[in-house]
Amino acid sequence: MFNIFNKKEKNKVNIHSVIVPDQGWNKISEDDEAIRWVNPEQSALIALHFFDKEPDLPTVKDLDYLKKFYRNVAASANGGTIETDIMTIHETPAVKTIIKIPQEETGMIYIASITIPFENCSFVMKIQANEVGVTGIRDSAILGMLMGSGEVEFSEEGITNWFADPYDPDFKQELL
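Predicted model, so just to flag it, every value in this text is computed and none were measured.

Summed over the entire model, instances satisfying the criterion amount to three aromatic pairs. Centroid distance Phe 50 to Phe 123: 5.0 Å. Interplanar angle 35 degrees. Geometry classified as tilted. Of the two residues, Phe 50 sits in strand 3 (residues 44–51) while Phe 123 sits in strand 7 (residues 122–130), which places them 73 residues apart along the sequence. By relative accessible area, which is 7% here, Phe 50 ends up buried. On the basis of an interplanar angle of 90 degrees and a centroid distance of 6.3 Å, the ring pair of Phe 118 and Phe 123 is categorised as edge-to-face. Through successive ring pairs, a cluster of aromatic residues spans Phe 50, Phe 118 and Phe 123.

The structure is reproduced here in structure tokens:
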């Protein structure tokens, strides 16, 4: 694990209080609220956001509540939840999420984020990757494996056990 908290920053907490490894990507913008890097070879972005106000994250202790909260966040963008979990970074509780949002033409935008809330501010680190070129190959390969094992089947209603919320099989929306 890398050390993300900048010990050299002695003044008031700010965007530079957290360090994000940029992986050699190109910095494209920086201000008091965000730093963004882009991978010149891929359709991917890293962003660090600083919110100098009390966090609006409802909790970092109740995982079931967070799963519902982020499911609604994803659904508000016509997206779906892939993962929501609570983690600890240097003894600081944080929330990790991965969501997917459909692109206009084809494919998905995948957004992974780590939210680190404090009493009076918060940081959000995001990685966004847009599918480009031919999409659906991974899904087709996995679908074939699951159909072969009998875990997924075709029926009159469609494909069973394939499109489902990862935490609530009864939850239904357009993109699962």
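Back to the text.
Sheet topology places strand 1 (residues 26–30) next to strand 2 (residues 34–38); four bridges connect them, and they run antiparallel. Of the residues in strand 2, the one forming a bridge with Asn 26 is Val 38. Joining the antiparallel neighbours strand 1 and strand 2 is a turn of three residues. Note that strand 2 and strand 3 share five bridges and pair antiparallel. Bridging across to strand 3, Ile 35 finds its partner in Leu 48. If you look at the hairpin formed by strand 2 and strand 3, you'll find five residues sitting between the two strands.

Each value, and the rule that gives it
- Residues numbered from 1 in each chain as written.
- Predicted model: local features only at pLDDT ≥ 70, side-chain atom pairs only at ≥ 80, totals over all residues.
- Heavy atoms only, no water.
- Phe/Tyr/Trp six-rings, centres within 6.5 Å; stacked < 30°, edge-to-face > 60°.
- Helix = DSSP H or I, 4+ residues; strand = E, 2+ residues; numbered from the N terminus.
- Buried < 20%, exposed > 50% of the residue type's maximum accessible area, 1.4 Å probe, protein only.
- Pairing = 2+ DSSP bridges.

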